[in-house]
Amino acid sequence: NSMETQQGGKKVVVIGGGVAGSLIAKSLQFNSDLTLIDAKEYYEIPWANLRAMVEPSFAERSVIHHKDYLSNGRLMFSSAINISNSEVLTADGHSVTYDYLVIATGHNDPIPCTKTERLKQYRAENEKIKSASSILIVGGGPTGVELAGEIAFDFPEKQVTLVHDGPRLLEFLGPKASNKTLNWLKSRKVEVKLDQRVNLKDISEGNKTYLTSAGETIKADCHFLCTGKPLGSAWLRETVLKDSLDDFGMLKVDENLRVKGRRNIFAIGDITDVKEIKQGYLAQKHALVAAKNIKLLLSGGNESKMATYETSSIKAIVSLGRQDAVAQFPFTTMIGLIPGLIKSKDLFVGKTRKTMGLDPHIVYS
């Protein structure tokens, strides 16, 4: 009964406007009375942000205003600070009631609230890269590796050093992928130091010398910190969901992506304890499964018919500059042009814009 839904309908509240929250909000906006709560006015295609640092104009398409895809929902620019069994309280003092709640607060990333500020930040990062002749990258996970790859490819004249505190790069992938990645970086003259940490507390802007835990000295004009970000779940410890968090601060979910023991609260994306790597395209898969289930419940369907989320066998594509990438599929690891074409050229930005109902190429102001 679509008329009823339009006029009032069940209240769905989505907390967090990252890659998962945005997609589920878009998917449910015409089936419910929907509110998206996010501290910023845009969402960002997460796998595009490192390219945006070497090419700021890239961000024009990858930073997307919530209002561009959310034509039938309400936007609240604030962060959630508490939840009861029927309401969400926001930092600016509003209380929003819900019939169904979706928690998609991912990882804490202190980024600007407006698109304009975010684009300005990318231009500043780009200036920082352009004006430096030597750059230190701390962290050898996907972020550090992709950033090193982007810089080495776009600015081959710069001396890039990557320091990682683990025994190999990309530890969430197999050793083969790590080795291939290490060799690619070396072939691009990136100096990689493994099993070492850098104490960033001793760094003053004027002092261009960094000391590693192995006692080595690195000279660099600037550094980028690419280590893991904390989960966006600390606020949940004071709420009705405090017992639903695991020891790592992730929300425990069942196979339908409902918070365990809850009938009307779902969690999607990085915040969940789903056993798989935390990557944006998987967060999108969560969003689509949970959207399907909420639609079923909204239409009075039987709970036993809910879709289950199948974890994908570990596979990932980490891009290395504009032409190459390392890809791990269930049975094989490859590096070079093939995966590069899959990801590096456009980094799936056009495809993702399409998913959000936007023109893949046009830049909206």
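Scoring rules and cut-offs
- Residues numbered from 1 in each chain as written.
- Predicted model: local features only at pLDDT ≥ 70, side-chain atom pairs only at ≥ 80, totals over all residues.
- Heavy atoms only, no water.
- Helix = DSSP H or I, 4+ residues; strand = E, 2+ residues; numbered from the N terminus.
- Rg over C-alpha atoms; globule rule 2.2 N^0.38 Å.
- Buried < 20%, exposed > 50% of the residue type's maximum accessible area, 1.4 Å probe, protein only.
- Salt bridge = Lys/Arg side-chain N within 4 Å of Asp/Glu carboxyl O.
- Phe/Tyr/Trp six-rings, centres within 6.5 Å; stacked < 30°, edge-to-face > 60°.
- Lys NZ or Arg CZ within 6 Å of the ring centre and 35° of its normal.
- 1 Å grid on protein atoms, 1.4 Å probe; cavity = no way out; pocket = protein on both sides within 12 Å on 5 of 7 lines; lining within 4 Å.
- Points joined across faces, edges and corners; volume = space filled by probe spheres on them.
- Nonpolar A, V, L, I, M, F, W, Y, C, P; charged D, E, K, R; others polar.
- Contact = heavy atoms within 4.5 Å.
- Polar contact = N/O pair within 3.5 Å; in protein donor to acceptor, adjacent residues only side chain to side chain.
- Pairing = 2+ DSSP bridges.
- Axes fitted to C-alpha atoms, helices over the stretch in contact; angles between N-to-C directions.
- Parallel < 35°, antiparallel > 145°, perpendicular 65-115°, else oblique.
- Left-handed = near helix turned anticlockwise from the far one by under 90°.

Points about the overall build of the protein
Next, step 1: Scanning the protein from N- to C-terminus turns up 11 helices and 19 strands.
Next, step 2: Here the C-alpha radius of gyration of the protein, 21 Å, is about what a compact globule of 365 residues would show, namely 21 Å.
Next, step 3: By principal-axis analysis of the C-alpha atoms, the protein measures approximately 65 × 40 × 40 Å.
Next, step 4: Among the 365 residues that make up the protein, the fraction classed as buried is 52%.

Quick word on the pattern of salt bridges
Next, step 1: All chains considered together, the criterion is met by 15 salt bridges.
Next, step 2: Note that aspartate 154 and arginine 322 form a salt bridge whose closest N and O atoms lie 2.8 Å from each other. Of this pair, aspartate 154 sits in helix H7 (residues 142-154) while arginine 322 sits in the loop between strand E17 (316-320) and strand E18 (324-328); the two residues are 168 residues apart in sequence, bridging distant segments of the chain.
Next, step 3: We classify aspartate 154 as partly exposed; its relative accessible area is 24%.
Next, step 4: Judged by relative accessible area, which is 24%, arginine 322 ranks as partly exposed.
Next, step 5: Glutamate 191 is the partner of lysine 193 in a salt bridge, and the nearest nitrogen-oxygen pair spans 3.0 Å.

Details of the packing of aromatic side chains
Next, step 1: For the structure shown, the criterion picks out one aromatic pair.
Next, step 2: Between the aromatic rings of tyrosine 43 and tyrosine 69, the centroid separation amounts to 6.1 Å while the plane-to-plane angle is 85 degrees, which identifies the pairing as edge-to-face. You can see tyrosine 43 sitting in strand E3 (residues 42-44) and its partner tyrosine 69 sitting in helix H5 (residues 66-69), a full 26 residues away along the chain. Tyrosine 69 carries the same exposure label as tyrosine 43, and that label is buried.
Next, step 3: One Lys or Arg, arginine 61, reaches over the ring of phenylalanine 58 and ends 5.7 Å from the middle of that ring.

Observations regarding empty space enclosed by the protein
Next, step 1: Scanning the entire structure with this criterion turns up one cavity of 30 Å³ or more.
Next, step 2: By volume, the largest cavity amounts to about 30 Å³.
Next, step 3: As for the largest cavity, its lining consists of Gly269, Asp270, Glu276, Ile277, Lys278, Gln279, Leu282, Ala283 and His286.
Next, step 4: For the lining of the largest cavity, a count of residues per class yields three nonpolar, three polar and three charged.

A few points about the environment of glutamine 159
Next, step 1: Structurally, glutamine 159 can be placed in strand E11 (residues 159-163).
Next, step 2: Distance in space between the C-alpha atoms of glutamine 159 and arginine 74 is 48 Å, their sequence separation being 85 residues.
Next, step 3: Beyond its immediate stretch of four places on either side in the chain, glutamine 159 contacts Ser133, Ser134, Ile135, Lys189 and Glu191.

Observations regarding the side chain of lysine 40
Next, step 1: Turning to its location among the elements, lysine 40 is positioned in the loop between strand E2 (33-38) and E3.
Next, step 2: Using a relative accessible area of 14% as the deciding quantity, one classes lysine 40 as buried.
Next, step 3: A distance of 3.4 Å separates a polar atom in the side chain of lysine 40 from the backbone oxygen of glycine 17.

Some thoughts on the sheet that holds strand E7 (residues 87-90)
Next, step 1: Within the open sheet, the three strands sit side by side as E6-E7-E8. Their pairing is antiparallel. Where the open sheet ends on each side, the last strands, each with one partner, are strand E6 (80-83) and strand E8 (95-97). Geometrically, the sheet is characterised by an average inter-axis angle of 25 degrees between neighbouring strands, direction not taken into account.
Next, step 2: Here three bridges tie E6 to E7, and the two strands are oriented antiparallel to one another. Each bridged residue has a counterpart across the sheet, and for alanine 80 the counterpart in E7 is threonine 90.

Thoughts on the sheet that holds strand E12 (residues 191-193)
In any sheet, the strands associate via hydrogen bonds between backbone groups, in a parallel or an antiparallel arrangement.
Next, step 1: One open sheet accounts for four strands, arranged E12-E11-E10-E15; its pairing is parallel. The open sheet has two edge strands, E12 and strand E15 (222-225), and neither has a second partner. Taken pair by pair, the neighbouring strands of this sheet meet at an average axis angle of 20 degrees, ignoring direction.
Next, step 2: Packed on one face of the sheet, helix H6 (residues 115-131) meets strand E10 (134-138) and E15 and runs near 135 degrees to E15.

Some thoughts on the packing of helix H2 (residues 19-28) against helix H9 (residues 280-298)
Next, step 1: Here H2 crosses H9 at 30 degrees, and the two axes come no closer than 8 Å. What the angle tells us is that H2 and H9 run roughly parallel. Taken as a pair, H2 and H9 cross one another with a handedness that is right-handed. Contacts from Val19, Ala20, Leu23, Ile24, Ser27 and Leu28 in H2 reach Gly280, Ala283, Gln284, Ala287, Leu288, Ala290, Ala291, Ile294 and Lys295 in H9.
Next, step 2: Residue composition of the contact of H2 with H9, by class: 11 nonpolar, three polar and one charged.

Topic: the pairing of E7
Next, step 1: Residues Val88 and Thr90 line the buried face of E7, whereas the alternating positions Glu87 and Leu89 sit on a face that is not buried.
Next, step 2: Where E6 folds back onto E7 in an antiparallel hairpin, the turn is made up of three residues.
Next, step 3: As judged from the three bridges shared by E7 and E8, these two strands associate in the antiparallel manner. Looking across to E8, one finds that valine 88 is bridged to valine 96.
Next, step 4: If you look at the hairpin formed by E7 and E8, you'll find four residues sitting between the two strands, and glycine 93 has a positive phi there, around 90 degrees.

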